[in-house]
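Tertiary structure, described
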Amino acid sequence: MNFRVASDPEYFDKNWNILKHAIREIFKCNDNARHLSFGELHRHAYYMVLHNFGEKLYSKLVATMTSHVKEIAKSVEASEGSSFLEELNTKWNDYYKALEIIRDILMYMDRTYIPSTKNKPVYELGLNLWRENVIYSNQIRNRLSNTLLEFVFKERAGEDVNRELIRNVTKMLIDLGPSVYEQVFETPFLQVLAESYKAESHKYIEFV
Amino acid sequence: MGDSKVETISRLAQWKIDNFGPCSYKKSDPFKLGIWNWYLSIERNRYLYIHLFPEPSRVSKEQPPIARFILRVSNTASSSSSSRKFYISPVHERVLRTCDDFVWPVDTTFLGRLIIDVEFLDLKIYPLNGGEASSIWPSDGKLHSVATQNTLRCLSRMLDEAIHADLTIITADGTLKAHKAVMSATSPVFQASYHNSSEDKESSTIHIEDMSQESCTALLRYMYGTIKPEDFWKHRLALLGAANKYDIGDLKDACEESLLEDLNSGNVLERLNEAWLYQLHKLKKGCFAFLFDFGKIYDVRDEINTFFRHADRELMLEMFQEVLTIWK
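If you check an unreviewed UniProt entry, chain B appears there as BTB/POZ domain plant protein from Medicago truncatula. Among the UniProt annotations of chain B, the heading Pathway (unreviewed entry) holds the following wording: "Protein modification; protein ubiquitination." Turning to chain B, the UniProt annotation filed under Subcellular location (unreviewed entry) states: "Endomembrane system".

As recorded in an unreviewed UniProt entry, chain A goes by Cullin-3A-like protein and comes from Medicago truncatula. According to the UniProt record, the Sequence similarities (unreviewed entry) comment for chain A reads "Belongs to the cullin family."

In structure tokens, the structure reads:
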């Protein structure tokens, strides 16, 4: 009788190493990821979950993704002056693309393991990690708010700014949840706006 | 004699009477419309009475028509064609069994040529085994089934003759040709697989090496809607695995139902294991009932020891709880 229980003690580690390597390549978003076969990766993930390694797989995934997101945060933090927003935007686009692929590869885990736990599905997990480690990083959060406001006021003053970039970054904030958009952009924006009108109105009053 | 013939076309029956003559009653020849033979008859009294009824027979007794129809009588006086007169009945709808069920009096005296039209708008019958009355004429449902059959024939040809096939499947023991579009439409996993592959040669090959060519053919036939019951039966364990892996819900359900149908002492432990592996709740309950409620666990005493050595702990816990519930 075939009980299909993976009795090989190294079964998980072997298969996880293949997946981990693939996830890293996918995150790099380079052509190396192209040669990876989706079908093969899906099969590895499927059998791991089928053989009761769902929990282990999930925790390994969280660790791998977290360390990757932290690396991204570092490189965004290190970006110089005006390239900050562009760096953030490029990294986000790559990350989002990779997240979709990883979610698809781990589809079976999302479908069968996740519902029986309190854990977040892959896509949500990815967004949460990005929010906590990148957007809410001490060196990024305020800098992001300020840079966005700077852009907006430059534009209001008639200067030529990259609107596409602003649009993409604000869309990212909305994708991360309405509260993120509110905290990082909307609230400070309204505050600054109110102050600037106040100052302007004072000027008029003094002038009169 | 020619005067009693009724011509029919489509849903219209027409009785032309060139000359009514001195008689006061006339009955038409039978005419076929739908599944019945019909008669028209005219009685001339103070009015002209027109009857419409089906020929008394087994069909009209068991399944009398529920007819919706309009009658039209037109009269051309022989002297001039300009004095043409029409009488049109309202739409009638009723069950017609005998010649008394429908009579339409026309308040006139006719001379010369008489034309009686019966236009059937619908003919319904009650099914013999009870239920709602339904039309005897082909309706959307029929068209639908014709279209479905045609589609299945096309899909079957697409698979068998590999018409415009854009995918090679490598199984454990051979290759098969199929269509990305069909497979994507049945399984979200295949859809994601083609979505995430780049547009090159690699994306036109997939590996399903955990299935034999024969089982994989059965899977494809299921996806293309042309699987035969005997192939389903033969490959259902492999199909169950594939349905679970590729997220094809209705195939998984069908396999579960089928595995419940032939539980016996020889396969119950294996089935229980499948049920546990693929989270088949109904099958699991069925195996529990077979083993504990029906006491078949005593038939598999030898196998159960091996089973307990390998089975998942959680599964054993559930089995134990099941036994406790029965003891209560």
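For the rest of this paragraph, the subject is the overall build of chain B. When helices and strands are tallied, chain B shows 11 helices and 15 strands. For 328 residues, the compact-globule formula gives about 20 Å, and the C-alpha radius of gyration of chain B, at 34 Å, lies well above that figure. Overall, the C-alpha framework of chain B stretches about 105 × 65 × 30 Å when taken along its three principal axes. Buried positions account for 40% of the 328 residues belonging to chain B. Accessible surface, chain B as shown: approximately 18300 Å² in total, 52% of it carbon and sulfur. Of the charged side chains in chain B, 39 are positive and 45 negative; the average position of the first set lies 9 Å away from that of the second.

What follows concerns the sheet that holds strand S13 (residues 167–171) of chain B. Residue and element names in this part refer to chain B. Taken in spatial order, the 3 strands of this open sheet run S14-S13-S15, and their pairing is mixed. Edge positions in the sheet fall to strand S14 (174–178) and strand S15 (205–208), since each has one partner strand and no second. Neighbouring strand axes in the sheet, compared pairwise and without regard to direction, differ in orientation by 25° on average.

Another aspect to go through is helix H7 (residues 138–156) of chain A. Residue and element names in this part refer to chain A. Between its terminal C-alpha atoms H7 stretches 28 Å, which fits the 27 Å expected from 19 residues at 1.5 Å a residue. Within H7, burial applies to Ile140, Leu144, Ser145, Thr147, Leu148, Leu149, Phe151 and Val152. Taken together, the buried residues of H7 touch helix H3 (54–77), helix H4 (83–105), helix H6 (122–135), helix H8 (163–175) and helix H9 (178–207). Positive phi shows up at Gly158, right after H7, with a value of about 90°.

Take the nonpolar core next. Core analysis: the biggest nonpolar cluster contains 118 residues, and Tyr95, Leu106, Trp130, Ile135 and Leu144 of chain A together with Ile169 and Met183 of chain B have the highest contact counts within it. By residue number, the principal contributor to this core is H4 of chain A, which donates 9 residues. The residues that make up this core include at least three from each of domain 2 (138–247) and domain 3 (263–327) of chain B. Judged by nonpolar contacts, the second largest core, of 29 residues, contains Val6, Ala13, Phe102 and Leu123 of chain B.

Right, let's talk about the interface of chain B and chain A for a bit. Across the boundary between the two partners, chain B contributes 25 residues, which contact 20 residues of chain A. Counting the surface lost from both chain B and chain A, the interface buries some 2100 Å², and carbon and sulfur atoms represent 53% of this. On the chain B side of the interface with chain A, the three residues burying the most area are Asn196, Lys245 and Leu277 of chain B, jointly 24% of the side's total. Listing elements by their share of the side of chain B that touches chain A, those giving two or more residues are helix H4 (188–196), helix H6 (229–245), helix H8 (268–277) and helix H10 (301–310) of chain B. Across the side of chain B that touches chain A, the residue classes break down as 7 nonpolar, 10 polar and 8 charged.

Moving on, we get to the domain arrangement of chain B. Residue and element names in this part refer to chain B. Domain boundaries assigned for chain B yield domain 1 (6–137), domain 2 (138–247) and domain 3 (263–327). The interface is formed by 5 residues belonging to domain 2 together with 4 residues belonging to domain 3. Both sides together, the interface formed by domain 2 and domain 3 hides about 430 Å², and carbon and sulfur atoms give 64% of it. When the area that domain 2 buries against domain 3 is broken down by residue, the three leading residues are Leu237, Leu240 and Asn244, summing to 77%. The interface formed by domain 2 and domain 3 contains 0 salt bridges. Here the side of domain 2 that touches domain 3 is built from residues that sort into 2 nonpolar, 2 polar and 1 charged.

This next bit is on the packing of helix H5 (residues 213–223) of chain B against H6 of chain B. Residue and element names in this part refer to chain B. Across the interface, H5 lies against H6 with an axial gap of 9 Å and an inter-helix angle of 75°. In terms of orientation, H5 lies roughly perpendicular with respect to H6. For the pair H5 and H6, the contacting residues are Glu214, Ser215, Ala218 and Leu219 in the first and Lys234, His235, Ala238, Leu239 and Ala242 in the second. Residues that form the contact of H5 with H6 fall into these classes: 5 nonpolar, 2 polar and 2 charged.

To continue, consider the packing of helix H1 (residues 11–28) of chain A against H3 of chain A. All names here are of chain A. Direction vectors running N to C along H1 and H3 enclose 30°, while the axes themselves pass 11 Å from each other. With respect to H3, the element H1 is oriented roughly parallel. You can see that H1 and H3 cross each other, and the crossing is right-handed. Where H1 abuts H3, its residues Phe12, Trp16, Leu19, Lys20, Ile23 and Phe27 lie against Lys56, Leu57, Lys60, Leu61, Thr64, Met65 and His68.

Our next topic: a nonpolar patch on the surface. Residues and elements named next belong to chain B. On the surface, a cluster of nonpolar side chains totalling about 460 Å² of accessible area is made up of Phe320, Leu324, Ile326 and Trp327. The residue Leu324 is located in helix H11 (residues 313–327) in this model. Judged by relative accessible area, which is 36%, Leu324 ranks as partly exposed.

Attention now goes to H8 of chain A. Residues and elements named next belong to chain A. Spanning 13 residues, H8 covers 18 Å between terminal C-alpha atoms, matching the ideal 18 Å at 1.5 Å per step. All of the buried residues along H8 are Leu165, Ile166, Val169, Thr170, Met172 and Leu173. Summarising the axial view, the buried residues of H8 lie within an arc of 150°, below the 170-degree limit, and thus occupy one face. Exposed residues on H8 whose side chains face more than 90 degrees from its buried face are Arg163 and Arg167. For H8, the elements touching its buried residues are H4, H6, H7 and H9. Between the side-chain oxygen of the N-cap and the backbone nitrogen of Glu164 there are 3.3 Å, and the N-cap of H8 in question is Asn162.

Conventions adopted
Numbers given to residues run from 1 along each chain, matching the order in which its sequence is written. Working convention: letters from A go to chains and numbers from 1 go to ligands, in the order in which they are written. Predicted model: local features are reported for residues with pLDDT of at least 70 only, side-chain atom pairs are reported and counted for 80 or more only, and whole-chain, interface and lining totals are derived from all residues. The side-chain numbers reported here are obtained from all heavy atoms of the structure, hydrogens and water having been left aside. UniProt positions are given in the numbering used here, feature names are shortened, and annotations may be inferred rather than shown by experiment. The numbering of helices and of strands both runs from the N terminus, where a helix is a DSSP run of H or I of at least 4 residues and a strand a run of E of at least 2. For the radius of gyration, the atom set is restricted to C-alpha positions; the globular benchmark scales as 2.2 Å times the number of residues to the power 0.38. Any residue under 20% of the maximum accessible area for its type is buried, any over 50% is exposed, and the rest in between are partly exposed; the area is computed with a 1.4 Å probe on protein chains only. Computed with the Shrake-Rupley method and a 1.4 Å probe, the accessible areas treat only the protein chains shown as cover for residues. Charge counting treats Lys and Arg as positive and Asp and Glu as negative, with His and both chain ends excluded. Charged side chains are reduced to one point each, which is NZ for Lys, CZ for Arg, CG for Asp and CD for Glu. Two strands pair under a simple rule: DSSP has to find at least two bridges between them. A fitted line through C-alpha atoms serves as each axis, taken over the contacting stretch for helices, and the angle formed by two N-to-C directions is quoted from 0 to 180°. The span one expects for a helix is its residue count, reduced by one, times 1.5 Å. The contact definition used throughout considers only heavy atoms, calling two residues in contact when any of these lie within 4.5 Å. Joining through side-chain atoms within 4.5 Å is the link that ties buried Ala, Val, Leu, Ile, Met, Phe, Trp, Tyr and Cys residues into a set, and such a set is a nonpolar core. Domain delimitation follows an automatic or database domain assignment. Once two parts are put together, the accessible area they lose, assessed with a 1.4 Å probe and summed over both, is termed the buried area. Three classes are used, and their members are as follows: Ala, Val, Leu, Ile, Met, Phe, Trp, Tyr, Cys and Pro are nonpolar, Asp, Glu, Lys and Arg are charged, and the others, Gly among them, are polar. Criterion for a salt bridge: a side-chain nitrogen of Lys or Arg within 4 Å of a carboxyl oxygen of Asp or Glu. Working definition: roughly parallel below 35 degrees, roughly antiparallel above 145 degrees, roughly perpendicular at 65 to 115 degrees, and oblique for all remaining angles. The handedness criterion is simple: a crossing whose near helix is rotated anticlockwise from the far helix by less than a right angle is left-handed, and one whose near helix is rotated clockwise is right-handed. A patch consists of residues exposed above 30% relative accessible area that lack any salt bridge, with like charges linked at up to 9 Å and nonpolar side chains (Val, Leu, Ile, Met, Phe, Trp, Tyr) linked at up to 5 Å. The directions from the helix axis to the C-beta atoms form the arc being described. Pairs of N or O atoms within 3.5 Å make up the polar contacts considered here, provided that, within protein, one atom can donate a hydrogen while the other can accept it, and that residues adjacent in sequence are counted only when both atoms are side-chain atoms.

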